[in-house]
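Survey of secondary and tertiary structure
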Amino acid sequence: MFVDSHCHINFPDLASKLPEVFDLMAANQVSHALCISVELEKFPEIRALAEAHPNVYASVGVHPDHEGCTEPTVAELVALADHPKVVAIGETGLDYFRLGGDLEWQRERFRTHICAARACQKPLVIHTRAAADDTLRIMREEQAGKAGGVMHCFTESLEVAEAAIEQGFYISFSGIVTFKNAKALREVAAVIPLERMLIETDSPYLAPAPHRGQTNQPGYVKHVAEEIARVRGITAEAVGDITTQNFFRLFKSARH
Ligand SMILES: [Zn+2]
Ligand SMILES: [Zn+2]
C-alpha cells in the first residue's frame, strides 16, 4: 500500500476526471491521498473533496508563489484547520526561484503558517526552492519543530535534509527522483533514515518516469516508491509500508 502525501486533485486537469483518478489509485494500491491547499479561495473545494471521499485528506494554507492573494491570518488558518479531515497546515514556505524582488511578505506569510501550526498542533507542509538557508532559519526562529511537518518535493542537498530531520521534520520525495538528471537527489534518497521518509506526486505536475510529460496523478506515486526501493536495495512494498506508517504518524489526525 502507498499513500500520496501531496497532490492537487482539485486542479482542473485532475478534477475533470476524478473517477479515473480514483480507479488508478485503487489499481496501484494507493490507499490515501493528501490534497494540498495553495490559496484560501480554493480551500472550500478541497475540504469538499475530503468530505466526499474517505481516503482523501486536506490541508489549509497559502502557497509562497501566490502573490497578491488574500493574506491569511493565524486565527483564520487555525479556524479552517478545525475540521476532522484537515490534517496539515500548508503548503507554505519560501520560493526565491519563481519570484524575485523584496520577498519579505513571503517570509512573513511563512511565519504566520508556522504560528498557526503550533497553535492548532497540526504539522506543516513546507515548500522550499532556492531558499534553503532562509527556510531552515525561519523554521528554527519560529520553532516549527513544535508542530513538526514535512519538506515536500525535496530537491535540496543531504545537508539540508539532515538539518530538517534534526528539527523533527520528514523528507518527501516526488517523481523528480525518477528523472535521469536527478542523480544527486537519488543519493539523498538512498541514505536518509527510512523512518523519516514520505512519498508524493505533487500531481498534476512532475509525472514520474515512465509517465514523464503526462498529467501526473496520485496513482503514479507507486513509481516514486519503486525508484526509492531500487536505490536502497529493498522492495517497493517495504517502501510503501514504511512511508504509509510515517504518513499516519506525522499526520496524526488522519485516520485509516
Ligand atoms: Zn510545493
Ligand atoms: Zn504542491
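What you see is a predicted model, and the numbers here were worked out from it, not measured in a lab.

Protein-derived coordination of the zinc ion (ligand 1) comes from E91 (OE), H127 (ND1) and H152 (NE2), at a distance range of 2.0 to 2.1 Å. Spacing between the donor residues of the zinc ion (ligand 1) along the chain follows E-x35-H-x24-H. Here the zinc ion (ligand 2) and the zinc ion (ligand 1) are spaced 3.5 Å from one another, each receiving a donor from E91. Of this pair, E91 sits in strand β4 (residues 86-95) while H152 sits in the loop between β6 (149-151) and α7 (158-166), placing them 61 residues apart in sequence. H152 shares its class with E91; the two are buried.

Taken together, H6 (NE2), H8 (NE2), E91 (OE) and D202 (OD) make up the full set of protein donors to the zinc ion (ligand 2), lying 2.1 to 2.5 Å away. As a motif over one chain, the donors of the zinc ion (ligand 2) read H-x1-H-x82-E-x110-D.

Spanning 17 residues, helix α5 (residues 104-120) covers 25 Å between terminal C-alpha atoms, matching the ideal 24 Å at 1.5 Å per step. Burial in α5 covers these residues: Q106, R107, R109, F110, R111, T112, H113, I114, A116, A117 and C120. Packed against the buried residues of α5 are α4 (74-81), β4, β5 (124-129) and α6 (132-141). Where α5 terminates, the next one or two residues include Q121, which has phi positive at roughly 55 degrees.

Accessibility expressed as a relative area gives 4% for H152, which makes it buried. In terms of polar contacts, H152 uses its side chain to reach the side chain of E200, at 2.9 Å. Those residues in contact with H152 that sit more than four places away from it in its chain are H6, E91, V125, I126, H127, S172, E200 and D202.

Below, the discussion takes up the packing of α5 against α6. Contact pair α5 / α6: the axes reach a minimum separation of 10 Å and the direction vectors enclose 40 degrees. Relative to α6, α5 is oriented oblique. For the pair α5 and α6, the crossing hand works out as right-handed. For the pair α5 and α6, contact is made by R107, F110, R111 and I114 and by D134, T135, R137, I138, M139 and E141, respectively. Taken together, the residues of the contact of α5 with α6 sort by class into 4 nonpolar, 1 polar and 5 charged.

Most often, soluble globular proteins keep nonpolar side chains buried together rather than apart. If you look at the biggest cluster of nonpolar residues, it comprises 69 residues, and the most contacted ones within it are I9, F154, I171, F173 and I228. Those residues in contact with F173, other than ones at most four positions away along the chain, are F154, L185, V188, A189, I192, M197, L198, I199, E200, V224 and I228. Within the second largest apolar cluster, 15 residues are counted, among which are I36, V87, L198 and F251.

Rules behind the numbers
- Residues numbered from 1 in each chain as written.
- Chains lettered and ligands numbered in written order.
- Predicted model: local features only at pLDDT ≥ 70, side-chain atom pairs only at ≥ 80, totals over all residues.
- Heavy atoms only, no water.
- Donors = N, O, S within 2.8 Å, 3.2 Å for Na, K, Ca; no water.
- Helix = DSSP H or I, 4+ residues; strand = E, 2+ residues; numbered from the N terminus.
- Buried < 20%, exposed > 50% of the residue type's maximum accessible area, 1.4 Å probe, protein only.
- Expected span 1.5 Å × (residues − 1).
- Contact = heavy atoms within 4.5 Å.
- Polar contact = N/O pair within 3.5 Å; in protein donor to acceptor, adjacent residues only side chain to side chain.
- Axes fitted to C-alpha atoms, helices over the stretch in contact; angles between N-to-C directions.
- Parallel < 35°, antiparallel > 145°, perpendicular 65-115°, else oblique.
- Left-handed = near helix turned anticlockwise from the far one by under 90°.
- Nonpolar A, V, L, I, M, F, W, Y, C, P; charged D, E, K, R; others polar.
- Core = buried A, V, L, I, M, F, W, Y, C linked by side-chain atoms within 4.5 Å.

Any link to function would need more than the numbers given here.
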